Amino acid sequence: TADERDQIGVRLAKELGHTKLCCVDYQIDLDFDKMFAFAQKNGQGESLNRLIEEFKAKMKPRPDAAYLEKHTIGEILADANTPGSDFPYLALLAIGKNKDYPGADTVAQWYHRNLLIATNISRLSQKPGERILVLIGAGHAKLLREFLSEVPGFEVVDCLRYLK
């Protein structure tokens, strides 16, 4: 497929002679539909749409063919892992009113998913000094770095030093 698992993970594992790859993702259906419906119904749809458009405007890498054709895989990955390229999930906290918290519920689901992914990564470590390469969508990177840097015995190494 065209995703990072096959294009990088499988090829790199083969080149390095690894016999096993581990899946660390944990799928949770985030209820964006509920949040969008609430926002539309309660006069917050325009501000939610503006937030999404602002993010798309600054998103790295730009997901269009022209950008992809002019940049190497390393450049695209470096761009995607640059601080500030993450979706500002906490901005969704503003969606809701009174005792309704659809924005906070969505953010909580996102954090929960990433905590489970971090748990899966931490369970891979068998002995001190072992290295683990994690390939995952850039939207997860900020939280995974934060969570795993707090796990005793883990040192998170920024991928940018290898991509530049």
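Look up: the structure comes first, before these words.
Computed from a predicted model, the values in this text were never measured in an experiment.

Criteria and thresholds
- Residues numbered from 1 in each chain as written.
- Predicted model: local features only at pLDDT ≥ 70, side-chain atom pairs only at ≥ 80, totals over all residues.
- Heavy atoms only, no water.
- Phe/Tyr/Trp six-rings, centres within 6.5 Å; stacked < 30°, edge-to-face > 60°.
- Helix = DSSP H or I, 4+ residues; strand = E, 2+ residues; numbered from the N terminus.
- Buried < 20%, exposed > 50% of the residue type's maximum accessible area, 1.4 Å probe, protein only.
- Contact = heavy atoms within 4.5 Å.
- Core = buried A, V, L, I, M, F, W, Y, C linked by side-chain atoms within 4.5 Å.

S.K.: Sorry if this is basic, but what is going on with the packing of aromatic side chains here?
M.R.: Aromatic rings in a pair are described by how distant their centres are and how their planes are angled relative to each other. Overall, the coordinates contain two aromatic pairs when judged by the stated rule. Centroid distance Tyr-89 to Trp-110: 4.5 Å. Interplanar angle 15°. Geometry classified as stacked. Residue Tyr-89 is found in the loop between helix 5 (73-80) and helix 6 (102-122), and its partner Trp-110 is found in helix 6; the two are separated by 21 residues along the sequence. Each of the two residues, Tyr-89 as well as Trp-110, counts as buried.

S.K.: Is there a simple way to think about the side chain of Asn-114 in this case?
M.R.: Counting through the fold element by element, Asn-114 comes out in helix 6. A residue is classified by how much of its surface remains accessible, and Asn-114, at 0% relative accessible area, is buried. Here Asn-114 is in contact with His-140, Leu-143, Leu-144 and Phe-147, once residues within four sequence places are set aside.

S.K.: Would you mind showing me how to read the nonpolar core here?
M.R.: Within soluble globular proteins, side chains that are nonpolar generally end up buried alongside one another. With 22 residues, the main nonpolar core has Leu-48, Phe-87, Tyr-89, Leu-92, Ile-95 and Ile-121 as its most contacted residues. When residues of this core are traced back to their parent elements, those giving at least two are helix 2 (32-41), helix 3 (45-58), helix 6 and helix 7 (138-149). With five residues, helix 6 is the largest single contributor of residues to this core. Aside from chain neighbours lying at most four places away, what touches Tyr-89 is Phe-32, Val-107 and Trp-110.

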